[in-house]
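# Per-entry structural report
Below, each chain spelled out in residue letters.
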Amino acid sequence: MAERLLQASQQRRMKAMTSAAGSAGPATVPLLLCALLAPGGAYVLDDSDGLGREFDGIGAVSGGGATSRLLVNYPEPYRSQILDYLFKPNFGASLHILKVEIGGDGQTTDGTEPSHMHYMLDENYFRGYEWWLMKEAKKRNPNITLMGLPWSFPGWLGKGFNWPYVNRQLTAYYVVTWIVGAKHHHDLDIDYIGIWNERSFDISYIKVLRRMLNYQGLQRVKIIASDNLWEPISASMLLDSELLRTIDVIGAHYPGTHTVKNAKLTKKKLWSSEDFSTLNNEVGAGCWGRILNQNYVNGDMTSTIAWDLVASYYEQLPYGRSGLMTAQEPWSGHYAVEPPIWVTAHTTQFTQPGWYYLKTVGHLEKGGSYVALTDGLGNLTIIVETMSHKHSKCIRPPLPYFTVSHQLATFVLRGSFSEIPELQVWHTKLGKSSDRLLFKQLDSLWLLNSNGSFTLELQEDELFTLTTLTTGSKGSYPQPPKSQPFPSVYKDDFDVDYPFFSEAPNFADQTGVFEYFANIEDPGEHRYTLRQVLNQRPITWAADASNTISVIGDYKWSNITIQCDVYIETPYTGGVFIAGRVNKGGIFIRSARGIFFWIFANGTYRVTGDLAGWMLYAFGQVEVMAQQWYTLTLTVKGRFASGMLNGQPVWTDVQVNFPKNGWAAIGTHSFEFAQFDNFHVEATP
């Protein structure tokens, strides 16, 4: 191996020298060979005393929730380009792990994701988009690790309680069917399964889940717990030998790069199984660069997983633009490859799960950190970061103050690495736009006569990767289309015979689940509709509304006309609405304000200023009953609103002073079946 590396290095050096002879000289590089020695000694990278922990990979979460909602609507070639930046090896983020939400019908941050079992006797393994996303990831990287984790659960599992452990066997069966369905219908092997995101774990349930997995021949599927804090799961494992055997990985969320003693005492793999969730600007990139190194240096964590994979949800929902990249405009095709993509590449393009950290990793004398990993076959990758406090604050937890300053850092290669002839160099510089560099390849570092040592000149907010691997690359595509607002005139008749996805484009469900529906008995214009399909409240993760609602459009919309055909399925108590200027979504959906026009199966209507229905603007009688189609029209202009039923005015000039703008929406009075058709919205200045 060493001879092969030396031969390849010499060939590249001759090529570089020949190339340089005809140019103005090599680019200025902040790298100095042995001529300079850093004060305070050197950082030795050595495998003579064995290796550190096994590296398990860097990944990201789709879900928790509905964070990839708009991605599926992108036209080609832009959708495939986005997927390449995320998953294609040696191109962009080149992720090792994809973690997805096991849809449970509940609100899980930015929307709801549909369950594969809305009801007890219902099984459908083609709902939502996570199956599609996992297949696209596997298509690009067959070795990618796949993980599943529930946030919410369908209501029938709780038998009247908001608790998934009422019948542990039933909940375990539900989760196992998702794993089996992934394989049977999509040829996807799920590698890790979680318990309940950031909520209580149940020791008996974890054991039942393991036994059921084994019974189904799924011994290879590993359990990670508890996707919350290090405690009390670590202490529970130390006190229960069966639980200790059952759990393969302890996963903590937002650990601040530190672990706890009990977690280490379990001798299990330790992961930061959700981290980041920070605006994907320069500071977010600095946050990500710092924790990718320091989660291991400080906390022995061998995997870090970002929430979220891609910001493909309306930006005004909670935690807007908190993905590794941004793709929130399928109507225009515009997307943005944000700095965290290239920060990720510094690690992912030059390592693989199964590599090992060296024991000799740590902090730099004047701030920052370094890690080194090897495949055990002669390859070495070193990642150095100097992220400053100001430019690396994650959204959580609070970051204790520290300083980083200009420094010279000398590294010495020992053990099996002492004869490495050459290192490839990749560099990122965050901060001022005039100085910014993202994942730029610099001149190689030649080590033949250096006794295995080299010195880096390091400034604040830099990231260096030095590696024996020559396969790294900064992938690119032509610039995507320019950003455009949501179309001011938008129509959808839902006439899709065989929909590839279960949800209509651009509708973002915030409580309830709205799916394409075929009315087999209706040969007329309402044969294909959009239907709200939940008939009971799910086991919630967040504060779901008591009504169902799906939002769409431009949050800046103010003067709008919304028209939609509606069909109440529930006699006497059923009700539906259309709405404008809806100002909240995600985990805040219960307190959403707007202008809501409701009709009910009991022959009444209401106009309210909020989703909950507390702010009553108008009410009265109308000729409405269940199981008939009606056309609702809502017009909002300036400080006044009016509504029509089947083209006839029902209420006019209702004064609305707040909100000034927001999304359009459709929904139902409760968790009930109802249908919508011929949706049409027009926004005017």
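Residues numbered from 1 in each chain as written. Predicted model: local features only at pLDDT ≥ 70, side-chain atom pairs only at ≥ 80, totals over all residues. Heavy atoms only, no water.

This brings us to empty space enclosed by the protein. Inspection of every chain in the model, using the stated rule, returns 4 cavities of 30 Å³ or more. As a volume, the largest cavity reaches approximately 100 Å³. Lining the largest cavity, in full, are Glu101, Gly103, Glu113, Pro114, Ser115, His116, Arg127, Gly128, Tyr129, Glu130, Trp131 and Trp178. Each residue belonging to the lining of the largest cavity can be placed in one class, and the counts come to 4 nonpolar, 4 polar and 4 charged. Considering the residues around the second largest cavity, the lining is formed by Ala66, Arg69, Leu70, Asp110, Thr112, Tyr313, Tyr314, Leu317, Ala508 and Asp509. (1 Å grid on protein atoms, 1.4 Å probe; cavity = no way out; pocket = protein on both sides within 12 Å on 5 of 7 lines; lining within 4 Å. Points joined across faces, edges and corners; volume = space filled by probe spheres on them. Nonpolar A, V, L, I, M, F, W, Y, C, P; charged D, E, K, R; others polar.)

Let us look at the state of the cysteines. Throughout the structure, instances matching the rule amount to 1 disulfide. Between the sulfur of Cys287 and that of Cys394 lies a disulfide, 2.0 Å long from S to S. Around the S-S axis, the bridge from Cys287 to Cys394 shows a dihedral of about 100 degrees and counts as right-handed. Taken as a pair, Cys287 in helix H9 (residues 282-299) and Cys394 in the loop between strand E18 (380-385) and strand E19 (407-413) lie far apart in primary sequence, 107 residues in all. Looking at Cys287, the relative accessible area reads 0%, which means it is buried. Classification of Cys394 by relative accessible area gives buried; the value is 12%. (Disulfide = S-S within 2.5 Å. Helix = DSSP H or I, 4+ residues; strand = E, 2+ residues; numbered from the N terminus. Buried < 20%, exposed > 50% of the residue type's maximum accessible area, 1.4 Å probe, protein only.)

With that settled, the discussion passes to the packing of aromatic side chains. Scanning the model with the defined rule gives 45 aromatic pairs in all. Relative to Phe454, the ring of Phe411 lies with its centre 5.6 Å away and its plane at 20 degrees, an arrangement referred to as stacked. Taken together, the residues span a long stretch of sequence, with Phe411 in strand E19 and Phe454 in strand E22 (residues 453-458) at a distance of 43 residues. Side by side, Phe411 and Phe454 carry an identical accessibility label, which is buried. A ring pair is formed by Phe577 and Trp598, whose centres lie 4.7 Å apart and whose planes are at 55 degrees; its orientation type is tilted. Here Phe577 is found in strand E30 (residues 575-582), whereas its partner Trp598 is found in strand E31 (residues 593-600), with 21 residues between them in sequence. Neither Phe577 nor Trp598 differs from the other in exposure class; each is buried. Stacked on the ring of Tyr254, the Lys or Arg Arg396 has its end atom at 4.4 Å from the ring centre. Against the face of Trp342 rests Lys474, its NZ or CZ located 5.2 Å from the ring centre. (Phe/Tyr/Trp six-rings, centres within 6.5 Å; stacked < 30°, edge-to-face > 60°. Lys NZ or Arg CZ within 6 Å of the ring centre and 35° of its normal.)

So, on to helix H2 (residues 78-87). With 8 of its 10 residues buried, H2 lies for the most part within the structure. In this structure, the buried residues of H2 make contact with strand E5 (97-102), helix H3 (130-140), strand E12 (310-311), strand E13 (325-329), strand E14 (334-336) and helix H10 (339-348). (Contact = heavy atoms within 4.5 Å.)

Read from one edge to the other, the open sheet built from 3 strands follows the order E12-E13-E14, with strand pairing classed as mixed. The two strands at the open ends of the sheet, each matched to only one other strand, are E12 and E14. (Pairing = 2+ DSSP bridges.)

Taken across its 8 residues, strand E20 (residues 422-429) has 8 buried, putting it largely inside the fold. Pairing of E20 with strand E21 (residues 437-446), which is carried by 6 bridges, proceeds in the antiparallel orientation. The partner of Glu422 across the bridge, within E21, is Trp446. The sheet contact formed by E20 and strand E23 (residues 462-467) spans 6 bridges and is antiparallel. Directly across from Thr428, in E23, lies its bridge partner Leu463.

The next point concerns helix H5 (residues 203-215). Here H5 contains 13 residues, and its C-alpha end-to-end distance of 19 Å stays within 8% of the 18 Å for a straight helix at 1.5 Å per residue. Among the residues making up H5, those that are buried are Tyr205, Ile206, Lys207, Val208, Leu209, Arg210, Met212 and Leu213. Buried-residue contacts for H5 involve helix H4 (168-186), strand E7 (192-193), strand E8 (222-228), helix H6 (233-239) and helix H7 (241-246). A side-chain oxygen of the first residue of H5 lies 3.1 Å from the backbone nitrogen of Ser204; this N-cap is Asp202. Downstream of H5 by one or two residues, Gly217 has phi in the positive range, about 75 degrees. (Expected span 1.5 Å × (residues − 1). Polar contact = N/O pair within 3.5 Å; in protein donor to acceptor, adjacent residues only side chain to side chain.)

Below, the discussion takes up the packing of H9 against H10. As a packed pair, H9 and H10 sit with axes 8 Å apart at the nearest point and diverge in direction by 20 degrees. For the element pair H9 / H10, the angle class is roughly parallel. For the pair H9 and H10, the crossing hand works out as right-handed. Along its contact with H9, which presents Glu282, Ala285, Trp288, Gly289 and Leu292, the element H10 presents Pro339, Pro340, Val343, Thr344 and Thr347. (Axes fitted to C-alpha atoms, helices over the stretch in contact; angles between N-to-C directions. Parallel < 35°, antiparallel > 145°, perpendicular 65-115°, else oblique. Left-handed = near helix turned anticlockwise from the far one by under 90°.)

Further remarks concern the pattern of salt bridges. Applying the stated criterion across every chain, the model contains 21 salt bridges. When the shortest N-O distance is used, the salt bridge between Lys269 and Asp56 registers 2.9 Å. Separated by 213 residues along the polypeptide, Lys269 in strand E10 (residues 269-276) and Asp56 in the loop between strand E3 (51-54) and strand E4 (57-62) bring together distant segments of the chain. According to the relative accessible area criterion, Lys269 is partly exposed, its value standing at 24%. Of the charged contacts, one joins Arg321 and Glu338 as a salt bridge, the two residues approaching to 3.9 Å between their closest N and O atoms. Here the residue Arg321 occupies a position in the loop between E12 and E13, and Glu338 occupies one in the loop between E14 and H10, the gap between them amounting to 17 residues. Given a relative accessible area of 22%, Arg321 falls into the partly exposed group. By relative accessible area, which is 11% here, Glu338 ends up buried. (Salt bridge = Lys/Arg side-chain N within 4 Å of Asp/Glu carboxyl O.)

This part takes up the environment of Pro330. Along the chain, Pro330 falls in the loop between E13 and E14. The buried category is assigned to Pro330, whose relative accessible area is 7%. Linking Pro330 and Arg79, residues 251 residues apart in sequence, is a C-alpha distance of 8.6 Å. Ignoring sequence-local partners within four residues, the contact set of Pro330 consists of Leu70, Asn73, Tyr74, Pro75 and Asn506.

With that out of the way, let us pick up the nonpolar core. Formed by 180 residues in total, the largest nonpolar core has its most connected members in Phe87, Leu98, Ile193, Ile195, Leu209, Ile599 and Phe679. Considering every element that reaches this core, the biggest residue donor is H4, with 8 residues. Setting aside its immediate chain neighbours within four residues, Phe87 contacts Ser94, Leu95, Leu98, Leu133, Ala137, Arg140, Asn141, Ile144 and Leu309. (Core = buried A, V, L, I, M, F, W, Y, C linked by side-chain atoms within 4.5 Å.)

This paragraph deals with the environment of Pro480. Looking at the element boundaries, Pro480 is found in the loop between E23 and strand E24 (489-492). We classify Pro480 as buried; its relative accessible area is 15%. Taking the C-alpha atoms as reference, Pro480 lies 6.6 Å from Gly333; in sequence the two are 147 residues apart. Once residues within four sequence positions are removed from consideration, Pro480 is found in contact with Tyr78, Gly333, His334 and Tyr335.

Where H2 meets H3, the closest approach of the two axes is 10 Å, and the angle between their N-to-C directions is 65 degrees. For the crossing formed where H2 meets H3, the hand is right-handed. Judged by residue contacts, Arg79, Ser80, Leu83, Asp84 and Phe87 of H2 engage Trp132, Leu133, Glu136, Ala137 and Arg140 from H3. Taken together, the residues of the contact of H2 with H3 sort by class into 5 nonpolar, 1 polar and 4 charged.

A few words now on a nonpolar patch on the surface. On the surface, Phe161, Trp163 and Val166 cluster together to form a nonpolar patch covering roughly 300 Å² of accessible area. Phe161 sits in the exposed class, given a relative accessible area of 57%. (Patch = residues over 30% accessible without salt bridge, like charges linked within 9 Å, V, L, I, M, F, W, Y side chains within 5 Å. Areas by Shrake-Rupley, 256 points an atom, 1.4 Å probe, with all protein chains shown as cover.)

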